Every structure is written in C-alpha cells, then in structure tokens.
Amino acid sequence: MGTPKKQERKPFSLEVDDRTDEEREKDKEHDSKGLWASVLQLGASVQERRPMDEYQEHLEETSPKVKVNRNFVKGMMGITGEAAQDKDRFDMTRLFAAVSSGDVAQLDGLELYLIRSHKHLTDSEYQPNGKTALLKALLNLKDGRNDAVKELLTIAESMGDLDEFVNAAYTDFTYKGQTALHVAIERRSKYFVELLVEKGADVHAKACGKFFQLHDGHCFYFGELPLSLAACTNQKDIVDFLLDNQYKKNAHVQEADSRGNTVLHALVMVADHSPENTDFIIKMYDHILTKAGQLHPKVRLETTKNKEGLTPIKLAAKTGKIELLKHILQREFQDRKSRHLSRKFTEWAYGPVCSSLYDLSSLDSFEKQSVLEIVVYSTEIPNRLEMLQVEPLNQLLEEKWRRFAYPVFVVSFVVYVIYLSVFSMVAYFRKDGSDGYNTTNPPYPVEDNMEDYLLLSGQLILLLASVYFLFRGLLDFRRKRPTLETFLVDGFSDLLFLIQAALFLACTAFYFCGRMEYLGCMVLCLALSWVNLLYYSRGSKNLGIYSIMIQKLILGDLSRFLLVYMVFLFGFSAAIVTLLDEPETSTGPQQRFFTSGCSKPTSKTFYFTTLELFKFTIGMGDLEFTEQYVYKEVFYVLLISYIILTYILLLNMLIALMNKTVEKTSEDSTNIWRLQRAITIMDIERRLPQCLKRRLRCGVEKDLGQGNEEDRRWCFRVEEVNWNKWNSALAIIHEDPGSQDIPIHHDTAPPIRQGTERRWRGFLRDFSRRRPHSGQQQGQEMGLLPPSHV
C-alpha cells in the first residue's frame, strides 16, 4: 500500500500594493459584503448575472500573498504629497475597461507602469476570481478580434510571466478551471486559439466549475477539455488544430475529464434527438475517430471506458441516444485507410438485398455490461422499445431465441406444469389430522403405505422447488441490483415467484411448528403458483400481450384506484359505525372492530360495517342492512354519498382509465412483448454455465484485415433489404457469393439461416458439437469483399 500524499502548502508570492488608504478601506468593505452575500446567497439572481463577465466573490483557497505598501515605502523615503501620487497608475478598473474597448492606445504606458511599480499582470490585484485581463479581453471580442489580446501577451512575455498569464483560470465555484483557451474556443476564434497555443496555453486544462457539470439548473457540460469544447460546438478546424499543430502541443485524444469521459463520451452526452444536433454530432464523431486513427493507429479510442465503465457506444445506449447508437452500430467506412474503424462490413449486395457482418464487440451479452444488457435492463431509457428494433440488436435477439432460449424456455414450461400438478395433488390429498372425532395439529406421522410415501415425495419436491425459486430470485436481485421502479416493471414476475417461494417456506415452518396457519399459506401459494403460469405466456405473441396488459393494469390503474377507494371505504365505515346505536353483547374492546367466531355478527363492529359498504361497491348492498342508528337522515346521507362516490364515480373512472391503458398498450403491444421476451432471453443466458455460453454463442469469428494485417473480430451476419441505400452498394459485387468457403472458429456452430425455425435436433447438435480436426472443412461462409470494385 502506498503512503498517502501530504497536502502541499502553496508558496507565497510577493506583490506591491500602491492603493490609497481610501481605496484599501473601500475594497475591504466590498470583500466583507461579498463574503456574507455568498454565504447567505444574497444579491442578484443567477438569471440577472452575465456569465463569466462580472465580478463574483469566491471562497477558494489561494496561495498566501505578502503585499508591500508602496505608499508607506515612499513615506519612509520622504516622498509625500503630490510627488507620491502615480498619475499613470493602472488599477483593475482602468485596465479592464481598456482591454474591453479593444483600443490598444489605452494601454500605452502599462508596461512602464508595471516595471516601475514591480507588478505583473498575474498579481491578485488584476485577478478577481482568477479572471485576468486576457480573459476579459477575449470575452469582449468585436467581429472576432480584439487587438488588446496580442498587446497583453507581448507585455506578459516581456515581464517574464507569460506561461502563468496564459494559463490563468477562474477560481470561483461556478466557472472554476476555465482558461483563456476555453474562452477563445467558445468565441469560435481560431486565430486566438492558435495564438494562445503558440504562447504556451495548456491544451489539457479542465473547466470543472458547476456551470460545466451536469445538474438540474442551467449548465453546459462539454467534457471540460478544450478539445471536447471545440468538438461539442462543431468547430472542426479547431479540432484538427488541437489534435495536430506545428507547435507540437497536440491534445491527447484519450485525455479524460473528471468523469473519465473522453471527447467521444462528451459528444454522446451533448447529443439530443433533434435532427440538426444529431447530424453534426455524427459527423464530428466520425471525423475525430478517423483523425485519431490516422494520427494514432494503435489507439482504440472507442474502447476507452469512463469511470462508470462505459465506452462511448455503451454510453449512447445508456442515455437513449438512439440515432447516434444506430449510426455507431451501422457505421461503415468505404475508405481503405479507415475501413478498420467500421462496425459494419457489407459482404455482397444484389439490388436492395445485402448481406452484412456486424461487429459484436461491446454489443453481445456474451460480454459483461454489454449494449444489449444495458438496453434490455435499463428501465430509465425512455425509448428502449425502439432501440431493440435497431439492427443488429433485433436479429441478434431472434438468433438467441432460436439457438438456445426457446428450447430452454419450453423445458422450463413443462417442468413448471409438472410442479403445478404435484402441488395441486399434494394440496388436495393433504392430511387434516381428523379421525372423525378429534382434530390434531401438524406435523402428521408418515405411515407405511404407498399414499403417504407419494405424499411425502411430493412435499419434498415442492420444498426443493421453493428453495430454487427463492435463491434464483435473490441471485437475480443481487446481479441486477434493480431500483424499486425497475423491480415493479421488469421484475414483476420475479417478484411473484419470490413471494410464491416465501409463502411455501412459511407454510413449511408453520407445519413443523404445529400451527394450523400452514393451511392458509399453502392455499395462497397454490393460487399464486397458478397465476405465475402466465409468465410463460410471453413465449407466444398473442398470449404475451394479455399478460402485459394485466400487469400494467394492476401496477397502474388498479393500484391507484385501490388507494383512493380505501380512503373512502375506511372513512365512511368509521363514520357509519360511530352513528350506529345497536346494543352491545360483549364487553371486550376488540368487539368494536372485529366479531368473535362464536358471537352473532352485528353491524356495530367496524369489520361488519366495512364489509357491508364493500357490498355496495359491487352492487350487492342493502340499504336497510341495519335499523339501529341514531339519526336516520344523516345515516342515509352518508350511505347515498358513499354509493355515488364509489359505485358510480370511482368504478366508472376505473373502467375509463383501464380502457385508455388497454388502447395505449395495444399500440405498442408488439414492442412491449418483444421487450419481455428479450428480458427472458437475457435471464436464460445468464443462468447458463460458461461452457454452454461459449458453444451457443451467436456469430462467427472473422479475419477482416486487409493484406497481411490481421483484424479478427466476432461478427454477426444479417441479411437486409434497404430500398433507400441500394444504389450506394453498386461497387460491392460478387458473381457467386455463396461459393467461397471461409473457415470459422472451432468453438462456433454454423450460423442458422434467418427465417427458419429452430428444431430440437439442431439445439442438441449445437450442444454436443466437438472440436473438429484442424484440416477438416468446418463450414461455409460468404467471403468478405473489399469496398472497391471487384
């Protein structure tokens, strides 16, 4: 373990202070007011402030400064009165006003004054919040120019503090870290960007203030770095200059910000769903990718992960940027130099029909935290239904379903039906401990006969199944770590199976503790077990839609209705039971709420009144269920009001809402069913052992290199029909694309033709496939064609 670093003390600096006593007192009073205003959050609102171009008090820790009072030194030397006053003095107000105007003539005498007063442009007097005169000048460009910028750089260079002056950054909480280079890029001035880089500007400075971070208020997150800022503001010329310039001060393309995001991550974060934004983001993304590939051929920029472990393509999936994700997945470069950056490779095309290979790296669920898993399991993605239709995700899921998920799903269904049959038989033929005269409590002895042995065997099977359901649910919960919303939406069936297992285990515990309550847990578990049979309806499109509608109605409209209904039910029950005046037959205080098993039911109890009011809700109530009330008029007003509010109003509202939900669900029923099936496929794949995952993996391993270059990738073949881009594939010609034999990886089964049904024989063949001899022909694949004309 390494020793922790000690906090380094910032070195002090020596400065000259030539302010008058009145100015010094005024500045001290202003700083004190500004400090309290910052602490108490007083003053002008954020909307009234001009970003970066106003004085803001800060609480940042700065380096210690020792200031020498120049007027005091002059007094010690006998220089007083008018002779002690410097008529050419440049204070912050004068200097900032001069550079804001852009008039170089107003800066005449500045250098002489600095030399004479032993000052620098980087002194704290000229740096409120870290904002120097250079930043002030760049914030006040006129038609993209300000001659004061070059003059300031010349003065700073002659004074010997050019590097500190150029790289001075804001120190306040809002714009912390922003340098002159950031401002020049934001002002879209390539001239000043080149000038600042020539003078030594840090191309890796990070603007990490609150305004440049993601939060609910006004902000602009661009990745903190100058290169990311130029890319996110669509300045291709500045991007090219920062990546490769004659000053050899190139920006590292893999440099990351405080979140671990590179420039490609930043572009993904800035992207939205508008056509204009998506167009420039896609073009800039490809430009940086190809530029980096030319400058740094060995750097795999798209494989760089941020601090959340996400690559740019995974971040696009996580944030729901569907158009950008679609472009990245289907990106195909025709240029030979950039072809290795493609994720899609067209094998052959005939008219609108083409066969393409898609790179499965970071995409297939064979890898951890893949794009497919992110899209399937992330409920916070608003458009994940549409994202699953993007190729090759759509065909990849279909292939997984045919290759292994469907056979496993059918076997699971058959086993569960057997489980239900055993459960029903065990519950029906259970022992009740009655001999005709007395009833004994469990556990009951096992007699030496076939019936008892079968009953015991069935009980053991149910116990083992419940333990399996419990551990499977807990492992899935630990693996997915879902939120409450995720657990209720995507994990609704998992929750029901978990409750089913818990009920049976509770039934077992009550049984061996000699409690008759085991029977209640057993019948509840049996009923829920039959309800959970609907889980397997997702294997069929027609039945799966009904299951989805039931789930949405229960979690949505019905749950909200029950919440409101319980308020009315308990409220009116409490009012009516208070109004009743029936003589009590029992002295126990619990009789006001519940009726004992031996006493005659009475309307004076809260339980009986609630039950009677519930009958009114379903149309089975009796207005004269009791005559023992104090005020007849009030009693009927309460009863009629309850009927109007619940039976007429709430029930009809529930029907209307359910109708609307069913119509809305019907519109997206196919996509929702496909999502449910995709979740099932992912769950089945996660439970497979690693050896089976490797053998049943979809796709083929291909060498996509050109010439002597080796570029082996795991690819997935998709045959597509595209009438929009068919004429762009005229150069991809092959006279007989199916005749070329290409060996595939030894652990891979031959790909299944699209549109054919997966048979059990094929599944068993994939499962039992053995490694062939090295010289044996292993399969046929269509050859990958170069982008040029053959």
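Rules used in this analysis
- Residues numbered from 1 in each chain as written.
- Predicted model: local features only at pLDDT ≥ 70, side-chain atom pairs only at ≥ 80, totals over all residues.
- Heavy atoms only, no water.
- Helix = DSSP H or I, 4+ residues; strand = E, 2+ residues; numbered from the N terminus.
- Buried < 20%, exposed > 50% of the residue type's maximum accessible area, 1.4 Å probe, protein only.
- Contact = heavy atoms within 4.5 Å.
- Areas by Shrake-Rupley, 256 points an atom, 1.4 Å probe, with all protein chains shown as cover.
- Disulfide = S-S within 2.5 Å.
- Patch = residues over 30% accessible without salt bridge, like charges linked within 9 Å, V, L, I, M, F, W, Y side chains within 5 Å.
- Salt bridge = Lys/Arg side-chain N within 4 Å of Asp/Glu carboxyl O.
- Axes fitted to C-alpha atoms, helices over the stretch in contact; angles between N-to-C directions.
- Parallel < 35°, antiparallel > 145°, perpendicular 65-115°, else oblique.
- Left-handed = near helix turned anticlockwise from the far one by under 90°.
- Nonpolar A, V, L, I, M, F, W, Y, C, P; charged D, E, K, R; others polar.
- Phe/Tyr/Trp six-rings, centres within 6.5 Å; stacked < 30°, edge-to-face > 60°.
- Lys NZ or Arg CZ within 6 Å of the ring centre and 35° of its normal.
- Core = buried A, V, L, I, M, F, W, Y, C linked by side-chain atoms within 4.5 Å.

Trainee: How would you sum up the overall build of the chain? Please name residues and give values.
Mentor: Assigned secondary structure in the chain consists of 28 helices and 6 strands. Here the chain holds 790 residues, and 45% of them are scored as buried. Taking as baseline every contact in the chain between residues at least 6 positions apart, the subset at least 24 positions apart corresponds to 71%. Element-wise, carbon and sulfur atoms account for 57% of the exposed surface of the chain, whose accessible area totals about 43,700 Å².

Trainee: Please set out the state of the cysteines residue by residue, giving values where relevant.
Mentor: Taken as a whole and assessed by the stated rule, the structure comprises 0 disulfides. The closest cysteine sulfur to the non-disulfide-bonded Cys525 is located on Cys507, 7.4 Å from its own sulfur.

Trainee: Outline a nonpolar patch on the surface, listing residues and values.
Mentor: Residues Val446, Met450, Tyr453, Leu454, Leu456 and Leu460 make up a contiguous nonpolar surface patch of about 590 Å² in total accessible area. Residue placement: Leu454 occurs in helix 19 (residues 450-480).

Trainee: Any details on the environment of Val376? Residues and values, ideally.
Mentor: Looking at the secondary structure, you find Val376 in helix 16 (residues 371-377). You can call Val376 buried: its relative accessible area is 0%. Sequence separation between Val376 and Leu388 is 12 residues, and the spatial gap between their C-alpha atoms is 7.8 Å. Look past the residues within four positions of Val376 in its chain and what remains in contact with it is Arg384, Leu388, Asp490, Leu675, Ala678, Ile679 and Met682.

Trainee: Residues and numbers for the packing of helix 9 (residues 190-198) against helix 11 (residues 236-243), please.
Mentor: Running from amino to carboxyl end, helix 9 crosses helix 11 at an angle of 10°, the nearest separation of the two axes being 10 Å. In terms of orientation, helix 9 and helix 11 fall into the roughly parallel class. The crossing of helix 9 and helix 11 is right-handed. Contact with helix 9, carried on its side by Lys190, Val193, Glu194 and Val197, involves Asp237, Ile238, Phe241 and Leu242 of helix 11 and no other residues of that element. Counted by class, the contact of helix 9 with helix 11 contains 5 nonpolar, no polar and 3 charged residues.

Trainee: Run through the pattern of salt bridges, naming residues and quoting values.
Mentor: Using the criterion set out here, one finds 24 salt bridges in the structure. A salt bridge links Arg677 to Glu398; its shortest N-O distance comes to 2.5 Å. A residue pair is termed long-range when its members are at least 10 positions apart, and Arg677 in helix 26 (residues 669-687) and Glu398 in helix 18 (residues 393-428) qualify at 279 residues. Here the salt bridges do not stand alone but share partners, grouping Asp364, Lys400, Glu685 and Arg697 into one network.

Trainee: Pulling in residues and values, what's your account of the environment of Leu503?
Mentor: If you trace the backbone, Leu503 turns up in helix 21 (residues 492-512). Each C-alpha atom, one on Leu503 and one on Cys521, is 5.6 Å from the other, the two residues being 18 residues apart in sequence. Here Leu503 is in contact with Cys521, Leu524, Cys525 and Leu528, once residues within four sequence places are set aside.

Trainee: Please give an account of unusual backbone geometry that cites residues and values.
Mentor: Of note, the bond from Glu391 into Pro392 is cis; its omega dihedral lies within 30 degrees of zero at 10°. Turning to its location among the elements, Pro392 is positioned in the loop between helix 17 (384-387) and helix 18. A cis amide bond, omega 5°, links Pro442 with the succeeding residue Pro443. With a phi close to 60°, Asp143 is a non-glycine residue in the positive phi region. One non-glycine residue, Asn234, adopts positive backbone phi at about 60°. Counting through the fold element by element, Asn234 comes out in the loop between helix 10 (226-232) and helix 11. Relative accessible area serves as the criterion here: at 38%, Asn234 is assigned to the partly exposed category.

Trainee: Report on the packing of aromatic side chains, specifying residues and quantitative values.
Mentor: In this description, an aromatic ring pair is defined by two values, namely the gap between the centres and the angle between the planes. Within the structure shown, the criterion is met by 34 aromatic pairs. Summarising the aromatic geometry, the rings of Phe423 and Phe504 are spaced 5.7 Å apart at their centres and angled 90° between planes, so their arrangement reads as edge-to-face. Taken as a pair, Phe423 in helix 18 and Phe504 in helix 21 lie far apart in primary sequence, 81 residues in all. For the pair formed by Phe423 and Phe504, the shared burial category is buried. Positioned above the aromatic ring of Tyr221 is the side chain of Arg259, whose terminal nitrogen or guanidinium carbon lies 5.7 Å from the ring centre. Arg472 extends its terminal NZ or CZ atom over the ring of Phe497, reaching a point 5.4 Å from the ring centre.

Trainee: How would you summarise the nonpolar core if you had to cite specific residues and measurements?
Mentor: If you look at the biggest cluster of nonpolar residues, it comprises 151 residues, and the most contacted ones within it are Leu196, Leu242 and Ile288. For this core, the element with the most residues is helix 18, which contributes 13 residues. Sequence-distant contacts of Ile288, that is, excluding residues within four places in its chain, are made with Ala231, Val239, Val253, Val263, Leu264, Leu267 and Leu301.

Trainee: Explain the packing of helix 13 (residues 275-295) against helix 15 (residues 322-329) residue by residue, including any values.
Mentor: As a packed pair, helix 13 and helix 15 sit with axes 10 Å apart at the nearest point and diverge in direction by 35°. Handedness of the helix 13/helix 15 crossing: right-handed. The residues of helix 15 that touch helix 13, namely those facing Thr278, Ile281, Ile282, Tyr285 and Asp286, are Glu323, Leu324, His327 and Ile328. Partitioned by chemical class, the residues of the contact of helix 13 with helix 15 number 5 nonpolar, 2 polar and 2 charged.

Trainee: Run through helix 12 (residues 263-270), naming residues and quoting values.
Mentor: Helix 12 sits mainly inside the fold: 7 of its 8 residues count as buried. Buried-residue contacts for helix 12 involve helix 10, helix 13, helix 14 (312-318) and helix 15.

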